[in-house]
Amino acid sequence: MKNAKDTFYVTLRGRLATVNPDRTFVVRGLVRPGIMVIENEMVSAELPADVFLLRWTELQIDTLQAMPVAVMRCEIQYFTDGDSDNAGMDRGRTLTEMDTELLKILTPQAAAKMNYGTMPASLMQSSIFWGDAVFEGMAVNAERVGRVARVDVTSYEEPGE
Amino acid sequence: MSQNLDGRAGAAARVADALLRSLGGSAVMLRVPGNAMAAADAEQLGLSEPQFEEIAIGPAVYRRVMAKVADGKGERAELLVSATTILRIVGSLGYASTSVLFAQAAGVVVNGTLLQIMGVSSSEIFGQPYLYRLQVRGALSEVV
């Protein structure tokens with residue numbers, strides 16, 4: 001399952017760098033595309049704005065198949081304060097831009113599964129695929145607006161995984 | 001000693017340092033990660049962790065402000081730290097500001113226990129800080 005999670009993140013990260021190269025943030029001196037998996041980062045009291053934050057939540061495994069099938073729910077949270085140069089009055093537009101970017105990086109809804117535990121990363125035999133994103137309503141917290149989208153990612157568990 | 005603070009602000013910092021020492025001020029360690037590795041997926045995938053550096057900050061006074069009141073919740077404490085030391089670290093290590101330093105820090109080590117920094121505030125005079133107050137919390141993994 002970790003290979004599926006890693007593949008999903010790296011796929012979306014690569015697509016985001018193409019869709020919007022300007023959506024970046026800085027982590028310990030390194031400029032990265034604006035997407036991160038919360039469970040893979042250092043614990044922080046504050047999450048960055050204008051970044052797609054991936055959080056893995058529910059898990060279902062069907063072991064009756066020849067190869068077990070894992071369905072993992074990924075909650076993608078993002079929020080923005082808008083641009084301070086515009087007094088934050090563009091925060092609604094910025095959030096809509098992030099909605100659109102998320103839709104773009106989630107398409108196509110499949111990727112070849114990779115094993116990033118090896119050096120270099122190796123191609124596995126199966127693919128991961130996911131369904132349409134389910135968008136929650138806009139959450140408003142003072143001047144900050146945000147949203148959570150849910151995506152169910154499906155992966156075959158290969159022997160040895 | 002207060003080489004980063006001038007004039008009246010420097011005097012306030014010296015008074016704060018003396019007060020911290022009189023309260024039993026000791027040195028605690030600020031754990032700071034090294035720079036992220038470029039072109040390496042391992043850190044972003046949780047496969048490896050960054051190198052950490054521990055920097056002594058003091059004089060500092062540690063005090064509990066809230067005992068453990070429920071399972072799964074660590075006790076809360078606060079750490080009063082000399083601004084003199086913090087400003088020196090910010091300058092010598094090239095951080096843009098103290099807020100960047102504390103935001104990037106993995107926590108503070110007090111008596112061998114890593115505490116997470118939950119919030120930072122400062123006491124200032126004439127626009128310059130003379131004391132930092134760190135709200136810290138024990139890691140949940142260490143909650144018995």
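Values in this document were obtained by computation on a predicted structure and should not be read as measured data.

Caption draft 1: View of the packing of helix 1 (residues 2-19) of chain A against helix 2 (residues 91-105) of chain A. Residue and element names in this part refer to chain A. Between helix 1 and helix 2, the shortest axis-to-axis distance is 9 Å and the interhelical angle comes to 125°. For the element pair helix 1 / helix 2, the angle class is oblique. For the pair helix 1 and helix 2, the crossing hand works out as right-handed. Contact with helix 1, carried on its side by Leu-12, Arg-15, Leu-16 and Val-19, involves Glu-101, Lys-104 and Ile-105 of helix 2 and no other residues of that element.

Caption draft 2: How the structure looks around the interface of chain A and chain B. Contacts between the two partners involve 13 residues from chain A and, on the opposite side, 16 residues from chain B. Grouping the amino acids of the side of chain A that touches chain B by side-chain chemistry returns seven nonpolar, three polar and three charged.

Caption draft 3: Just the environment of Trp-56 of chain A, in detail. Secondary-structure assignment places Trp-56 of chain A in strand 4 (residues 52-62). Apart from the residues lying within four places of it in its own chain, the contact partners of Trp-56 of chain A are Lys-5, Glu-39, Met-72 and Cys-74 of chain A.

Caption draft 4: Representation of the confidence of the model for chain B within the structure. All names here are of chain B. In the predicted model, chain B carries a mean pLDDT of 82, and 84% of its residues have values of at least 70. Of all secondary-structure elements in chain B, the lowest mean pLDDT belongs to helix 1 (residues 7-22), at 85, while strand 4 (residues 107-110) reaches the highest, 90. Across the whole predicted complex the pTM is 0.79, and at the interface the ipTM reaches 0.76.

The rules we used
Residues numbered from 1 in each chain as written. Chains lettered and ligands numbered in written order. Predicted model: local features only at pLDDT ≥ 70, side-chain atom pairs only at ≥ 80, totals over all residues. Axes fitted to C-alpha atoms, helices over the stretch in contact; angles between N-to-C directions. Helix = DSSP H or I, 4+ residues; strand = E, 2+ residues; numbered from the N terminus. Parallel < 35°, antiparallel > 145°, perpendicular 65-115°, else oblique. Left-handed = near helix turned anticlockwise from the far one by under 90°. Contact = placed C-beta atoms within 7 Å. Nonpolar A, V, L, I, M, F, W, Y, C, P; charged D, E, K, R; others polar. pLDDT = per-residue confidence, 0-100.

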